[in-house]
Amino acid sequence: MSRKLKLSFACGDYEITRPLADGTVTADGIDLTVLTGAGSRERHWRMARKNEYDICEFNACAYFMARDRGAYWTAIPVFLHRRFRHGFAFVNTSKSIKEPADLIGRRVGGTNFQPAGSIWVRGILEEFFRVPHKELIWVTDRDEDIEFTPPPGLTIERIPVGKSLDDMLVEGELDAMISPSFPRPFLKGDKRVARLFRNYKEVENNYFRLTGIFPIMHVTVIRREIVDEHPWAAASLVRAFNKAKQIAYDRVRNPRTVPLAWFSAAWEEQIEVLGRDPWIYGLGAANRKNLETAVRYTHQQGLIGRQIPISELFVETDDEEIGEKDRI
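In this text the structure is predicted, and so the values were computed from the model without any measurement.

How should I be thinking about the overall build of the chain in this particular structure?
The helix and strand inventory of the chain stands at twelve helices and eleven strands. The globule rule puts the C-alpha radius of gyration for 328 residues at 20 Å, and the 20 Å found for the chain is close to it. Along the longest, intermediate and shortest principal axes, the C-alpha atoms of the chain span 65 × 45 × 35 Å. Counting all 328 residues of the chain, 53% fall into the buried class. When the accessible surface of the chain is summed, it comes to about 15400 Å², and 49% of that surface belongs to carbon and sulfur atoms.

Teacher, can you tell me more about the pairing of strand 6 (residues 107-110) here?
The two faces of a sheet get side chains in turn, since along a regular strand they alternate between them. With four bridges joining them, strand 6 and strand 7 (residues 137-140) adopt parallel strand pairing. Counterpart to Arg107 in the pairing with strand 7 is Ile137. As a crossover connection, the stretch from strand 6 through helix 4 (residues 116-129) into strand 7 is right-handed. As judged from the two bridges shared by strand 6 and strand 9 (residues 176-178), these two strands associate in the parallel manner. The residue bridging Val108 from the neighbouring strand is Ala176, located in strand 9.

Mind showing me how you'd approach the sheet that holds strand 5 (residues 89-92) here?
Strand pairing in a sheet relies on backbone hydrogen bonds, with the paired strands running either antiparallel or parallel. Across the sheet, which stays open at both edges, the six strands sit in the order 8-7-6-9-5-10 with mixed pairing between neighbours. The sheet is open, and its two edges are formed by strand 8 (155-158) and strand 10 (193-195), each paired on a single side. This sheet shows a mean twist of 30° between the axes of neighbouring strands, independent of strand direction.

Where do I start with the side chain of Asp277 in this structure?
If you trace the backbone, Asp277 turns up in the loop between helix 10 (263-274) and helix 11 (285-300). On the basis of relative accessibility, which here comes to 5%, the residue Asp277 falls in the buried class. Side-chain polar atoms of Asp277 contact the side chain of Tyr249, separated by 2.8 Å.

What should I look at first to understand helix 3 (residues 60-68) in this one?
Because each turn of an α-helix spans 3.6 residues, side chains separated by three or four positions in sequence point in the same direction. Burial within helix 3 is extensive, with eight of its nine residues counted as buried. With a side-chain oxygen lying 2.9 Å from the backbone nitrogen of Cys61, the N-terminal cap of helix 3 falls on Asn59. The positive-phi residue at the C-terminal boundary of helix 3 is Gly70, with phi of around 95°.

For this particular structure, what's the right way to read the sheet that holds strand 11 (residues 216-223)?
Reading across from one edge, 2-1-3-11-4 is the order of the five strands in this open sheet, with mixed pairing throughout. Edge positions in the open sheet fall to strand 2 (30-35) and strand 4 (73-82), since each of these has one partner strand only. Between one strand axis and the next, the sheet turns through 30° on average, direction left out of account. The sheet strands contacting helix 2 (residues 40-50) are strand 1 (5-10), strand 3 (55-59), strand 4 and strand 11, and the helix crosses strand 3 at an angle near 110°. Sitting on the sheet, helix 3 is in contact with strand 3, strand 4 and strand 11, with an inclination near 105° to strand 3.

Looking at this structure, how should I read the packing of aromatic side chains?
Each pair of aromatic rings is reported with the distance of its centres and the angle of its planes. A complete count under the given rule lists 19 aromatic pairs for this structure. Here the aromatic residues Tyr63, Phe64, Phe79 and Phe314 are joined through ring pairs into a cluster of three or more. Lying across the ring of Phe88, Arg85 places its NZ or CZ 4.4 Å from the centre. Between the NZ or CZ atom of Arg224 and the centre of the ring of Tyr72, over which it lies, the distance is 5.4 Å.

The rules behind each value
Residues numbered from 1 in each chain as written. Predicted model: local features only at pLDDT ≥ 70, side-chain atom pairs only at ≥ 80, totals over all residues. Heavy atoms only, no water. Helix = DSSP H or I, 4+ residues; strand = E, 2+ residues; numbered from the N terminus. Rg over C-alpha atoms; globule rule 2.2 N^0.38 Å. Buried < 20%, exposed > 50% of the residue type's maximum accessible area, 1.4 Å probe, protein only. Areas by Shrake-Rupley, 256 points an atom, 1.4 Å probe, with all protein chains shown as cover. Pairing = 2+ DSSP bridges. Right-handed = clockwise from strand over helix to strand, strands pointing away. Axes fitted to C-alpha atoms, helices over the stretch in contact; angles between N-to-C directions. Polar contact = N/O pair within 3.5 Å; in protein donor to acceptor, adjacent residues only side chain to side chain. Contact = heavy atoms within 4.5 Å. Phe/Tyr/Trp six-rings, centres within 6.5 Å; stacked < 30°, edge-to-face > 60°. Lys NZ or Arg CZ within 6 Å of the ring centre and 35° of its normal.

This is how it looks when you write it as structure tokens:
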């Protein structure tokens, strides 16, 4: 009996990957150990600094940086985390910031400079709202996952010892914050913190209708030697990821599964706006545009030295986007 290829896979605990974790779905020829214990920050750091996993859900823009610096990885076209980001820009309400242009010259906090969500927001602000990222002062509270030297004209400061970004935003030491997650004061209802885009859902809907982009936050990286030695593995993995996603869709579309009173209405609204498979995999036209935009923003913000072609970043496993749109 031939032995299966044993691989470790680190990811978040998502509905779309749970069938892989519990063994409902398996990848042909692969014995996959799914590790969901680490949060995004820890998982990304461990992969970036220690190369700990065979396969890893990883910050898309940090992946571009790693490849630009010679990391011996590639990626399969599986995108486990997407999120619109207009709703993740916050302001101190005493600072008279009424529109994006009011951010120019201000001090803007964030965990670090490299989170994909922050890169997307900066890119969107620059492209659609004329807010050049170099005309803001960026204030961070931790080291970058991948080391880089800020280019001329880009100002990045570290917060003082003993301070927190949340406290600095509330107290007015920061004018705004762009972060992958919500500031604690905002979650507690502190009126000193508000979204930059109060009507963020409308803005995000309009952004999608204009661009067709549901921003990709994370890609799925794999050690290049695995693909080199086992060329069939990439396609086997993508098929398994797609089966797992379909099972998740079938499960959560049942309104008994999700404890939300108007879940069915939200599900129907999502289909109307985003289509039947918003988490579609593969390298079809929509995903290529999505990824090329992320590459362009990463280059524009001085994190990579060139706009890397998508063909260099991903293993091609299908000519079209991989999904079962008619079944969902």
